[in-house]
Amino acid sequence: MTVQEIATHISGVIVEGEKHKIDPVECAFASDLMSDVLTVNTTKRIMLVTGLANTQTIRTCEMSEIKVILFVRGKKVSDEMRELADDNEMVLIETPLSMYRTCGILFNLGLSPVY
Amino acid sequence: MMNFKFLVEGGDFTNAGTASSDVKKMMKQLGVESSIIKRTVVALYEAEVNIVAHAFKGEIEVTIDEDKIYVKLADEGPGIPDISQAMQKGFSTASPKVREMGFGAGMGLPNMKANADILQVNSVVNQGTVVEITNFFNVNNG
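Residues numbered from 1 in each chain as written. Chains lettered and ligands numbered in written order. Predicted model: local features only at pLDDT ≥ 70, side-chain atom pairs only at ≥ 80, totals over all residues.

Structural notes on the overall build of chain B
So, point 1. From N to C terminus, chain B includes five helices and five strands.
So, point 2. Along its sequence from the N terminus, chain B presents helices and strands in the succession β-α-α-β-β-α-α-α-β-β.
So, point 3. Relative to the globule expectation of 14 Å for 142 residues, the C-alpha radius of gyration of chain B, 14 Å, shows essentially globular dimensions.
So, point 4. Seen along its three principal axes, the alpha-carbon backbone of chain B occupies a region of about 40 × 30 × 25 Å.
So, point 5. Looking at chain B as a whole, 38% of its 142 residues qualify as buried.
So, point 6. Considering only residue pairs separated by 6 or more positions, chain B has 62% of its internal contacts joining residues 24 or more positions apart. (Helix = DSSP H or I, 4+ residues; strand = E, 2+ residues; numbered from the N terminus. Rg over C-alpha atoms; globule rule 2.2 N^0.38 Å. Buried ≥ 20, exposed ≤ 12 C-beta atoms within 10 Å, placed from the backbone. Contact = placed C-beta atoms within 7 Å.)

Next comes the structure, spelled out in structure tokens:
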């Protein structure tokens, strides 16, 4: 599934990294806890689904080699987060949908969990 | 051999992770295997966030040799009274502010251990903590 396909299915808007919109996403992990994100161990192209919107979300993904972040519950990306994401060639998506609904839709569409 | 130092301010969540980010870029430039880069920066980032979350200030010293990277993080802060307790998953003394940032779940030290070939933690209460991380470039980490 591509970044653009994901955004379309969950009423999402790509707010950073539009140039990567046709990049594939192989699996997803959902968490608001960055310590848990840092334990994820995969070489696949992974997307983080989270309701935590701050610079440490971006930093955590930088360390974890996660290139796509989907912010749920209408959380807004700040300019600082956008800059940091741009430096690391990441894609940031915002959706007004809840975490549970977002995950349910994407799971039904066949986007695999990491574990 | 390359040697770098970074200063970390306690409570400065805006800049937390900049040292880890710089180390990641350096390791990439040196052509270190990506799985080893990831393990190293995850351990280092957890340790860097710990300084920001718990200490007044700290210094990170990074030494890169041909075969390994050694990182020493020394902070001035409250210290850890019981290191074996802090190494247990789920144990945390983090403030609500730290938890709001997505940390403080008691995963930091266990995650550092999982991502370091050698991890040493020494602490003196009311003085500070020294965390040392060593990762080798040429070993199979399975």
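From this point, the discussion proceeds with the structure in view.
Some thoughts on the sheet that holds strand 3 (residues 46-50) of chain A
Residues and elements named next belong to chain A.
So, point 1. Reading across from one edge, 1-5-4-3-2-6 is the order of the six strands in this open sheet, with mixed pairing throughout. Because the sheet does not close on itself, it has two edges, and the strands there are strand 1 (13-16) and strand 6 (112-113).
So, point 2. Of the pairings in the sheet, the one linking strand 3 to strand 4 (residues 68-71) comprises four bridges and is parallel in character. Paired with Leu-48 across the two strands is Ile-69, which belongs to strand 4.
So, point 3. Against the sheet, helix 4 (residues 79-87) contacts strand 1 and strand 5 (91-94), and its axis sits at roughly 80° relative to strand 1. (Pairing = 2+ DSSP bridges. Axes fitted to C-alpha atoms, helices over the stretch in contact; angles between N-to-C directions.)

Notes on the confidence of the model for chain B
So, point 1. Taken as a whole, chain B shows an average pLDDT of 94; of its residues, 97% reach a score of 70 or greater.
So, point 2. Interface confidence in the predicted complex, given as ipTM, is 0.91; pTM for the same model is 0.93. (pLDDT = per-residue confidence, 0-100.)

Quick word on helix 5 (residues 108-115) of chain B
The α-helix winds at 3.6 residues per turn, so residues separated by three or four positions along the chain end up facing the same way.
So, point 1. Of the residues making up helix 5 of chain B, those classed as buried are B:Gly108, B:Leu109, B:Asn111, B:Met112 and B:Asn115. Buried residues along helix 5 of chain B cover an arc of 160° about the axis, so they all sit on one side.
So, point 2. Tucked into the core, helix 5 of chain B has its buried residues touching helix 2 (34-37) of chain A together with helix 2 (34-54), helix 3 (83-86), strand 4 (118-124) and strand 5 (128-136) of chain B. (Arc of directions from axis to C-beta.)

A look at the sheet that holds strand 2 (residues 57-64) of chain B
Residue and element names in this part refer to chain B.
So, point 1. Read from one edge to the other, the open sheet built from five strands follows the order 1-2-3-5-4, with strand pairing classed as antiparallel. Strands with a single pairing partner mark the edges of an open sheet, and in this sheet they are strand 1 (2-9) and strand 4. Each strand of the sheet is rotated relative to its neighbour by a mean of 10°, with strand direction disregarded.
So, point 2. In this sheet, strand 5 lies alongside strand 3 (residues 68-76) in antiparallel orientation, the contact comprising seven bridges. In the strand pairing of strand 5, Val-71 is matched with Ile-133.

A short note on the nonpolar core
So, point 1. Formed by 67 residues in total, the largest nonpolar core has its most connected members in A:Leu48, A:Val68, A:Ile69 and A:Leu70.
So, point 2. Ranked by residues supplied to this core, first place goes to helix 2 of chain B with 12 residues. (Core = buried A, V, L, I, M, F, W, Y, C linked by C-beta atoms within 7 Å.)

Re helix 4 of chain A
All names here are of chain A.
So, point 1. Those residues of helix 4 not exposed but buried are Met-81, Leu-84 and Ala-85. When helix 4 is viewed along its axis, its buried side chains cluster within an angular range of 100° and face the same direction. Residues of helix 4 that are exposed and angled more than 90 degrees away from the buried face: Asp-79, Glu-80 and Asp-87.
So, point 2. On the buried face of helix 4, the contacting elements are strand 1, helix 3 (55-64) and strand 5.
So, point 3. At the exit of helix 4 stands Glu-89, carrying a positive phi of roughly 50°.

Structural notes on the interface of chain A and chain B
So, point 1. Taken together, the contact pairs 17 residues of chain A with 18 residues of chain B.
So, point 2. Listed by contribution, the elements that provide at least two residues to the side of chain A that touches chain B are helix 2 and helix 3 of chain A.
So, point 3. Of the residues forming the side of chain A that touches chain B, the biggest block, seven residues, is contributed by helix 3 of chain A.
So, point 4. Residue classes in the side of chain A that touches chain B are distributed as five nonpolar, seven polar and five charged. (Nonpolar A, V, L, I, M, F, W, Y, C, P; charged D, E, K, R; others polar.)

Here's the deal with unusual backbone geometry
Residues and elements named next belong to chain A.
So, point 1. Unlike most non-glycine residues, Glu-65 shows phi in positive territory, near 60°.
So, point 2. Tracing the backbone through its elements, the reader meets Glu-65 in the loop between helix 3 and strand 4.
So, point 3. Even without glycine at this site, Arg-73 takes up a positive phi of about 55°.
So, point 4. For Arg-73, the location among the structural elements is in the loop between strand 4 and helix 4.
So, point 5. Overall, Arg-73 belongs to the partly exposed group, with 16 C-beta atoms counted inside 10 Å.

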